[in-house]
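# Topology and contacts: notes
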Amino acid sequence: MTDPVKIVLVYQSLLGIYGDQGNSLVLAQRLRWRGLDAEVVRVEPGQPLPPDGAIYLLGGGEDNAQTTAVRELTKDGSLFSAVDAGAVLFAVCAGYQICGQTFTIGETDEVREGLGLLDVTTRRGENRAVGEILTRWTKPDGTESILSGFENHGGYTRLGPDATPLARVERGIGNAGDGTEGAVAGRVIGTYPHGPVLARNPELADHLLELALDRPLEPLDRARSEHDGLRHERIAFTRR
Ligand code: GLN
């Protein structure tokens, strides 16, 4: 028997207000549909993060929760060692911002240190980005896929030289209205869209699983027509 693939859902009490925990269910279910065992481990502040997760997930949340999450994750330390050892980290919105070098909080734009896992910095933008977002993601095989989601953030994120954008914006704001969305460095991926984004974009979910397992996975046909129908509706709606 092989051990279940461990998916670690980090601090839902702090970074769980946008439904991003659904990303953990999508990853686990897509493993199970392929006959692979999956375990979702939920960890709250004060509890130790398991050091042997295959994928760690951070979600969206409010400014003060971001500061607390950085403090607790820094104290715990396991996320840094897991990423160093090759674990995948997938971070959405507030979770994405705290992975960076610095971000600002509150009306007075106080600067806070991030985890330093992505070479990005976040500052409050002129207009809050709220609404449907469509981006173009170049998959590892070189073909392009549309990613669909819902963005809701006041912070605008700029990439440094050690991070590359995840995708290019077709509709919406993305990182900072500069045409880029999200950031990637090794196996750390940050992105703005909620949705949850992996439910809307199963190809991205499979990409994370393939990174974590270090091997390609067979495509899944299950529920494909229903899923494709919903997906086309959402994309067409956003393009109107
Ligand atoms: N507080 C952050 C911002 O507004 C993140 C918000 C979120 O996670 N949706 O930029």
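Each remark here, short or long, concerns the structure printed above.
First things first, this report covers the structure right here in the doc. In this text, all values refer to a predicted model and were calculated from it rather than measured experimentally.

## Observations regarding the overall build of the protein
Within the protein one finds seven helices and 12 strands. Radius of gyration (C-alpha) of the protein: 17 Å, near the 18 Å computed for a compact globule of 240 residues. Taken along the three principal axes of its C-alpha coordinates, the protein extends 50 × 45 × 30 Å. Total accessible area computed for the protein in this model is approximately 10900 Å², and 49% of it derives from carbon and sulfur atoms.

## Details of the site of the ligand
Taken together, 14 residues lie around the ligand, and D63, C93, Q97, N152 and G155 are the ones closest in. Separating an oxygen atom of the ligand from a backbone N or O atom of G61 is a distance of 3.0 Å. H194 has a polar side-chain atom sitting 3.4 Å from a nitrogen atom of the ligand. Bound to the protein, the ligand loses 96% of the 300 Å² it would expose on its own. Contributions of two or more residues to the shell around the ligand are made by α2 (63-76), α4 (94-99) and β8 (144-159). With four residues, β8 is the single largest residue contributor to the shell around the ligand. In terms of residue class, the shell around the ligand is made up of three nonpolar, nine polar and two charged.

## A short note on the sheet that holds strand β2 (residues 38-43)
Read across the open sheet, the six strands follow the order β2-β1-β3-β4-β12-β11; overall the sheet is mixed. Strands with a single pairing partner mark the edges of an open sheet, and in this sheet they are β2 and β11 (183-185). Strand-to-strand twist of the sheet, defined as the mean angle between neighbouring strand axes without regard to direction, takes the value 15 degrees. Of the pairings in the sheet, the one linking strand β1 (residues 5-10) to strand β3 (residues 55-58) comprises three bridges and is parallel in character. Across the sheet, I7 pairs through a bridge with I55, a residue of β3. Docked against the sheet, helix α1 (residues 22-32) engages β1, β2, β3 and β4 (88-92), running at close to 170 degrees with respect to β1.

## Concerning α1
Within α1, eight of the 11 residues are buried, which leaves the element mostly enclosed by the surrounding structure. If you check which residues of α1 are buried, you get G22, N23, S24, V26, L27, A28, R30 and L31. The inward-facing, buried residues of α1 contact β1, β2, β3, β4, α5 (197-200) and α6 (202-213).

## Remarks on the packing of α1 against α6
Where α1 meets α6, the axes come as close as 10 Å, and the angle between the chain directions of the two elements is 70 degrees. In terms of their interaxial angle, α1 and α6 are classed as roughly perpendicular. Taken together, the residues of α6 that come into contact with α1 (itself represented by V26, L27, R30 and L31) are P202, A205, D206, L208, L209 and L213. A breakdown of the residues in the contact of α1 with α6 according to their chemical character gives eight nonpolar, no polar and two charged.

## Some thoughts on unusual backbone geometry
A cis geometry characterises the amide bond from G195 onward to P196, with omega recorded as -10 degrees. Among the structural elements, P196 can be located in the loop between β12 (188-191) and α5. Although it is not a glycine, D109 sits at a positive phi angle of roughly 55 degrees. Relative to the helices and strands, D109 resides in the loop between β5 (102-105) and β6 (110-113).

Thresholds applied
- The numbers attached to residues start from 1 for each chain and follow its sequence in the written order.
- This being a predicted model, a pLDDT of at least 70 is required before a residue's local features are given, and a value of 80 or more before pairs of side-chain atoms are given or counted; all residues contribute to the totals for chains, interfaces and linings.
- Processing note: side-chain calculations cover all non-hydrogen atoms of the structure and skip hydrogens and water entirely.
- Strands are runs of DSSP state E lasting at least 2 residues, helices are runs of H or I lasting at least 4, and numbering of each runs from the N terminus.
- With C-alpha atoms as the basis for the radius of gyration, the globule rule is written as 2.2 Å multiplied by the number of residues raised to the power 0.38.
- Using a 1.4 Å probe, the Shrake-Rupley method yields the accessible areas, and only the shown protein chains count as cover for residues.
- By convention in these notes, a residue is near a molecule or strand provided one of its non-hydrogen atoms lies within 4 Å of it.
- Here a polar contact means two N or O atoms within 3.5 Å. Within protein one must be a hydrogen donor candidate and the other an acceptor candidate, and residues neighboring in sequence count only if both atoms are side-chain atoms.
- When residue character is reported, Ala, Val, Leu, Ile, Met, Phe, Trp, Tyr, Cys and Pro are called nonpolar, Asp, Glu, Lys and Arg charged, and the others, Gly included, polar.
- Two strands are counted as paired when DSSP detects at least two bridges linking them.
- Axis angles are defined between N-to-C directions and span 0 to 180 degrees, where every axis is a line fitted to C-alpha atoms and, for a helix, only to the segment in contact.
- Any two residues having at least one pair of non-hydrogen atoms within 4.5 Å are treated as being in contact.
- Throughout this description, buried means an accessible area under 20% of the type-specific maximum (1.4 Å probe, protein chains only), exposed means over 50%, and partly exposed covers the range between.
- Angle categories are assigned with fixed cut-offs, so that under 35 degrees is roughly parallel, over 145 is roughly antiparallel, 65 to 115 is roughly perpendicular, and the rest are oblique.

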